[in-house]
Every structure is written in C-alpha cells, then in structure tokens.
Amino acid sequence: MQKLKEEVGRLLAPRVGMKPAEVITLLEDPPDPSYGDLAFPCFVLAKTRRKAPPLIAQELSEEMADERGLFWDKAVPKGPYLNFFLAPDAFGREVLQDIWNSADKYGHVNIGKGENVTIDYSSPNIAKPFGVGHIRSTVIGHSLYLIYQALGYNSIGINHLGDWGTQFGKLIVAFKRWGSEEELKQDPVNYLYQLYVKFHREVEESPELDDEARSWFWKLEQGDGEAVEYWERFRRLSLDNYEQIYDLLGIKFEYYHGESHYNQMLEKVIEVVREKGIARESEGALMVDLEQYDLPSVMLQKKDGATLYITRDLAAAIYRFETFNFARSLYVVGAEQTLHFQQLFKVLELLGFEWAKNCAHVPFGLIRFKEGRMSTRAGKIILLEEVLNRSIDMAREIIEEKNPDLPDKDSAAKAVGLGAVRFGDLSNDRIKNIEFDWDKALDFSGETAAYIQYAHARICSILRKGGLDDTAWDDHAASLLTRDEETALIKTLAILPDKIIASAESYKPSILARYLIDVAREFNRFYHNCPVLSSEDELKHGRLLLINATRQVIANGLALLGIEAPEEM
Ligand code: ARG
C-alpha cells in the first residue's frame, strides 16, 4: 500500500501542482473496496481548476488513460474522487515476496529500537490459589509482552506478586495454632488458603486473634527471624505452584518483584513526598489531596506507620523508571483498580516525574466460566489450572473423534485446549465482561483459535502434498494470482504489520485476534473457489506460495497471542 501511495503521489503531483508528499497525505481509503484501493479527493482542486470536483476527477482520469504504474493499474472517477486500483499481479508478488523473505519475522516492524517497556502482569496474591480471576491479566499481559517484543522493544515482564500485608500476620497465627506440616506439604497453596479462611471464621468468636495477627505482621516488618522464615516459606511454596501454571502457558517473567521488593524503599518515598510539599498530616496519617483533580485523596501512611498498596506502587513505579528507564510502563490489571491507577499516576505527576505520562493502566472486564463444565465444590475458587486442564481434555476428545489416526494427539490437544482459553479471552475487546462458553470456545467453525489453527493445519497438509520446498520462490508464479479471492486474501495478508502495531498502540491484542479470524476466513473462501493441487504447473506453484504465506501469517499472528499453530490436528 505504501508503495502504491508513493507511486500515485509521484504520478499525480505534476498534474495537480502539488508535491508528492502533499498528494500522499490527501489520499483516502475508499468506503467500499469495489470503488478502488486508494481515493484522491478532487475537492482540493476546485478552486484552482474552477470546476466541479466530479468533472475534475473525470478530466484527470482521461489525462492519465494511457499510464500504468508498477503497482497501479487504472484510475477511475467516481463522483468527486479519482480512485486508483492496485495492479493485482505486482501487488501479489510484492506482498508474497516480503512474507517469504521475512518468514517468521513477517509483521515485526522495528519501531521500538530496543527501548524498554515494562509490563506488570499476572501478579497473583501469595498464599491464595491461582484462581481464574488472574487469567485475564496473565494472557493479555503476556500477549502485549510478545507484541512489544515483536515491535523491537525490549519487553520486561514483571510479576508484582501480592506478597506483603497484614494477611501474613493472620497466616502465621493460623499456621502456628492449627497448621500441620504434613498437610502443608501435600497441597501447599490450597492448604494455606484454607487456614486463611479458618482464621476469618475463628476471629468472629475470638477477636484477640486479630491483635495477635497484627503483632506478627509487625514482627515481620521489623525483620524478626521466625516471622521472616514463615513468610519466606509461604511465598516459596506459592511461587512453586504458580510457576507450574506459567510453565504450562509458556510464560517467563524477567522479575518476580512482588510488593515486598519495595519495602526498603518506602521510607525514602515518604520522604520525597513530604519534601515536595504535596502531602498533609491528618490524625497522624499521611495524605495527598487530589480533590482538585476530581479524585479522592490517597493515604500513603497510616497513623501506626504502616504503608499501603499504593505506597508500594509508588515506590515500584520510581524504581522501574530508575532501573529500566522505560519508554512505557504498562499495568495490566482489572478495571476495578482504575481509580487506584489514576491516583497513582496523578501523585507521580505531582511529584514532578515527567515520565508519569508514559505509564498506562491497561484495564479489563471480568471473566466468568459457565457452570456445568467445572466440578466446583461450593464456595471453592475455580482454579486456573483446572480450567486449563479441562480445556485440554475437551480438546483431546474432539480431536479423538475428528482425527482418530493423528499420531501426536497430546500436543495437538494442548495447543487447541490452551488456545481455546487464551483466544476466548483475547478475541474480546478487553474492557468487556466475558462469559466463557466451553462449547463455543472449542467450536472448530466458530470464531475460535481452533478455527484458525485448523486452517493452518490444513495448509500444512496441502503444502506437504504439493511439495513446496524452501527454495521454491518464483517471481512469475507469484504474479499469477489475480483472481478476486486471491487478491482479497493477499490484501488481508498485507496488513499483518498494521494490525500488530494497532494492537500495541491501543494495548488490545483483540485487534490481532479478530484479524486472524479474517485471515482464516479469506483463506477458506479462496480454497473453496480456487483449486490448488489440481491447478496447472505455474498457477499451482503460485497458489502454493500464496497458501504458504497464509500459513506464515497465521503462525506469526497466533505466536503473538501465545497460541501454538500445530501442523496437524
Ligand atoms: N496483586 C494485585 C491483585 O491481585 C495486582 C497487582 C497489580 N500490579 C500493581 N502494580 N498494582 O489485585
């Protein structure tokens, strides 16, 4: 498209008395593809030519009747517009060659130039089971991580574990009173959670438990040996559990810097806030007023000296800038924390940090897994691990039925099962709430990962039969693809880079996800109407190149959503 624009710019410039660059900025996308691929609005010439725009469009098209470009084929007037049509042969060859040469890097545009982007995502709370509540942050965050990486940024994944706070005092009390080493070993995270729940039940009857818990947390904050030892153990056991899930999902974090990581920095932060004169004391607590910015005031320190979630986030933000000098700092956290991040960013701004404007909260709605598919005991958290394994099992059943002879059903089931959950999340505009429906998410003909993966596997099978090897690029064959279905598919493949950039800019992997559905759909339309293996030699070769490029686009796109593209399924 860019090449077409440049060509049209060069060609029109002398005729309309403008510079090519000016012409290019005026070019528009026609409202309907049947009108052409680029439109030049003739209104802008009405004054100089002293004619009605439709007449100007007519005249220009006549003046250019004998001209042909490398990328454009004809210029047709339509109302006040002069519409340019791509030359499908040259366009097809150009796009396919680009994909062929870039291969698994196709779509990756180096706009980041190695700059750092920190991505705070997943961030579960220690000593609680990894519930489905954290799935959205995990998959959206991971996809943004991969997308920024593909755009030449240095992505830095940070897991801001909830590993500090009064709940650890409660856990220590509960474990000392009722805990069993045996049970802790068996199923650590669940057991800790049960103890936590028990604490809350018992405290109703015996309120003194609360004082005990407070004093244990106080000890922990003072660095008391026994308290720290408990805390470290609970943290380690939880992390071991979370890491199993991250392994299953193929996720690695650069840093597990939980809330506790910033403990040493809090005093300094409080000092900076005081020095800046943006805080006030209120009954011994330290507050920052934000009323004049239409935000509620925030408390940074309680009267007993304790700090809060936002105090640690303040320290974390400053630490991240000082350590990574980030170009952007993203927080992939549910929409229920929107106010928290507005306050956080406002305080950073008031502290005079210019980089506060490069911090962004990436919010999302809730996800609910439809009942009936999960054997949840009443009151139990739905575990992410259970959801993932359930999905893999269901995928295996479907594959078993559809393709009983498939040699490696396990890897296909894993790819399809995990893909279903990820895509079920990522294909929705993140701000919407999701009602996850198992049957829909695994429907091979719906708007699902499986639908896209299936197109990919099908292409791989045709390529195996057609025998396209790595050295088979052919200029001529690639320029024979001028049927409507072929051109439509090529046009779709051509915009992968734009879609990746748009996903990054708006922090919406859903743009890429929806686009991949279009690619699979265009492929199916092509394949339905244009035979590949039974075509004549040259054309067959061209079509193999086209489907190979489609395979590449699907694989590259799915990879950025963290979804595998199996060759057989
Ligand atoms: N642990 C928090 C929660 O589960 C999320 C932390 C998000 N990151 C942050 N920097 N506040 O709600």
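Residues numbered from 1 in each chain as written. Predicted model: local features only at pLDDT ≥ 70, side-chain atom pairs only at ≥ 80, totals over all residues. Heavy atoms only, no water.

Asks: How would you summarise the sheet that holds strand β1 (residues 38–41) if you had to cite specific residues and measurements?
Replies: Pairing is antiparallel in the open sheet, where three strands are placed in the order β1-β3-β2. One side of each edge strand has no neighbouring strand; the edge strands of this open sheet are β1 and β2 (72–78). Across the sheet, the mean angle from the axis of one strand to that of its neighbour is 25°, orientation sign disregarded. (Pairing = 2+ DSSP bridges. Helix = DSSP H or I, 4+ residues; strand = E, 2+ residues; numbered from the N terminus. Axes fitted to C-alpha atoms, helices over the stretch in contact; angles between N-to-C directions.)

Asks: Tell me about the site of the ligand, and name the residues and values.
Replies: By nearness alone, every residue bordering the ligand is listed as Asp-120, Ser-123, Asn-125, His-134, His-160, Tyr-309, Asp-313, Tyr-331, Val-333, Gln-337 and Phe-341. A distance of 2.8 Å is found between an oxygen atom of the ligand and a side-chain nitrogen or oxygen belonging to His-134. Between the ligand and Gln-337 there is a distance of 2.9 Å, counted from an oxygen atom to a side-chain nitrogen or oxygen. Coverage of the ligand by the protein chains reaches 89% of its 350 Å² of free accessible surface. Tallied by class, the residues present in the shell around the ligand amount to four nonpolar, five polar and two charged. (Near = heavy atom within 4 Å. Polar contact = N/O pair within 3.5 Å; in protein donor to acceptor, adjacent residues only side chain to side chain. Areas by Shrake-Rupley, 256 points an atom, 1.4 Å probe, with all protein chains shown as cover. Nonpolar A, V, L, I, M, F, W, Y, C, P; charged D, E, K, R; others polar.)

Asks: If you had to explain unusual backbone geometry to someone new, which residues and values would you point to?
Replies: Backbone geometry places Ser-123, a non-glycine residue, at a positive phi of 40°. With respect to the element layout, Ser-123 can be found in the loop between β4 (116–120) and α6 (135–150). A relative accessible area of 15% means that Ser-123 is categorised as buried. Here the phi dihedral of Asn-325 falls at roughly 45°; this positive angle occurs in a residue that is not glycine. Tracing the sequence through the fold places Asn-325 in the loop between α13 (309–324) and β9 (328–332). When its relative accessible area of 54% is taken as the criterion, Asn-325 is described as exposed. (Buried < 20%, exposed > 50% of the residue type's maximum accessible area, 1.4 Å probe, protein only.)

Asks: Summarise the nonpolar core; cite the residues concerned and give the values.
Replies: Core analysis: the biggest nonpolar cluster contains 154 residues, and Leu-12, Phe-40, Phe-84 and Leu-96 have the highest contact counts within it. Beyond its immediate stretch of four places on either side in the chain, Leu-96 contacts Trp-473, Ala-478, Leu-481, Ile-490, Leu-493, Leu-545, Leu-546 and Ala-549. Counting 31 residues, the second-largest nonpolar core is a separate cluster that includes Leu-295, Val-298, Tyr-331 and Ala-356. (Core = buried A, V, L, I, M, F, W, Y, C linked by side-chain atoms within 4.5 Å. Contact = heavy atoms within 4.5 Å.)

Asks: Outline the packing of aromatic side chains, supporting the account with residue identities and numerical values.
Replies: Under the definition given, this model contains 29 aromatic pairs. Summarising the aromatic geometry, the rings of Phe-175 and Phe-234 are spaced 5.9 Å apart at their centres and angled 75° between planes, so their arrangement reads as edge-to-face. Taken together, the positions of Phe-175 in helix α7 (residues 167–178) and Phe-234 in helix α11 (residues 225–249) put the pair 59 residues apart, joining distant regions of the chain. Each member of the pair, Phe-175 as well as Phe-234, is classed as buried. Pairing Phe-341 with Phe-345 gives two aromatic rings, centres 5.9 Å apart and planes at 40°, and the pair type is tilted. (Phe/Tyr/Trp six-rings, centres within 6.5 Å; stacked < 30°, edge-to-face > 60°.)

Asks: Please give an account of the packing of α11 against helix α15 (residues 384–402) that cites residues and values.
Replies: At a minimum axis separation of 10 Å, α11 and α15 run at an interaxial angle of 30°. The angle between α11 and α15 falls in the class roughly parallel. Along this stretch, α11 crosses α15, giving a crossing that reads as left-handed. Contacts from Asn-241, Gln-244, Ile-245, Leu-248 and Leu-249 of α11 reach α15 at Leu-384, Glu-385, Leu-388, Asn-389 and Ile-392. When the residues that make up the contact of α11 with α15 are grouped by side-chain class, the tally is six nonpolar, three polar and one charged. (Parallel < 35°, antiparallel > 145°, perpendicular 65-115°, else oblique. Left-handed = near helix turned anticlockwise from the far one by under 90°.)

Asks: Kindly report on the environment of His-160, identifying the contributing residues and their values.
Replies: Looking at the element boundaries, His-160 is found in the loop between β5 (154–158) and α7. Assessed through its relative accessible area of 6%, His-160 is described here as buried. Separated by 168 residues in sequence, His-160 and Arg-328 place their C-alpha atoms 17 Å apart. Setting aside its immediate chain neighbours within four residues, His-160 contacts Asp-120, Ser-123, His-257, Gly-258, Glu-259, Tyr-262, Asp-313, Ala-316 and Arg-320.

Asks: Provide a residue-level description of the packing of helix α20 (residues 484–494) against helix α21 (residues 496–506), including the pertinent values.
Replies: Relative placement of two packed helices is described by the angle separating their axes and the distance separating the axes. Their axes nearest at 5 Å, the elements α20 and α21 cross at an angle of 40°. With respect to their mutual orientation, α20 and α21 come out oblique. Taken together, the residues of α21 that come into contact with α20 (itself represented by Thr-492, Leu-493 and Ala-494) are Leu-496, Pro-497 and Asp-498. Classifying every residue of the contact of α20 with α21 by side-chain character gives four nonpolar, one polar and one charged.

Asks: Break down the side chain of Thr-307 for me, citing the residues and quoting the values.
Replies: Secondary-structure assignment places Thr-307 in the loop between β8 (298–301) and α13. There is a polar contact of 3.4 Å between the side chain of Thr-307 and the side chain of Arg-312. Excluding residues within four positions of it along the chain, Thr-307 makes contact with Leu-266, Leu-300 and Arg-312.

Asks: Can you tell me about helix α16 (residues 409–426), naming the residues and giving the values?
Replies: Taking 1.5 Å of rise per residue, 18 residues should cover 26 Å, and α16 covers 25 Å from first to last C-alpha, within 8% of that figure. In the structure, α16 departs most strongly from a straight axis at Ala-420, where the bend amounts to approximately 25°. Among the 18 residues of α16, 15 are classified as buried, and the element is accordingly described as predominantly covered. (Expected span 1.5 Å × (residues − 1). Bend = angle between axes of the 7 residues up to and from the residue.)

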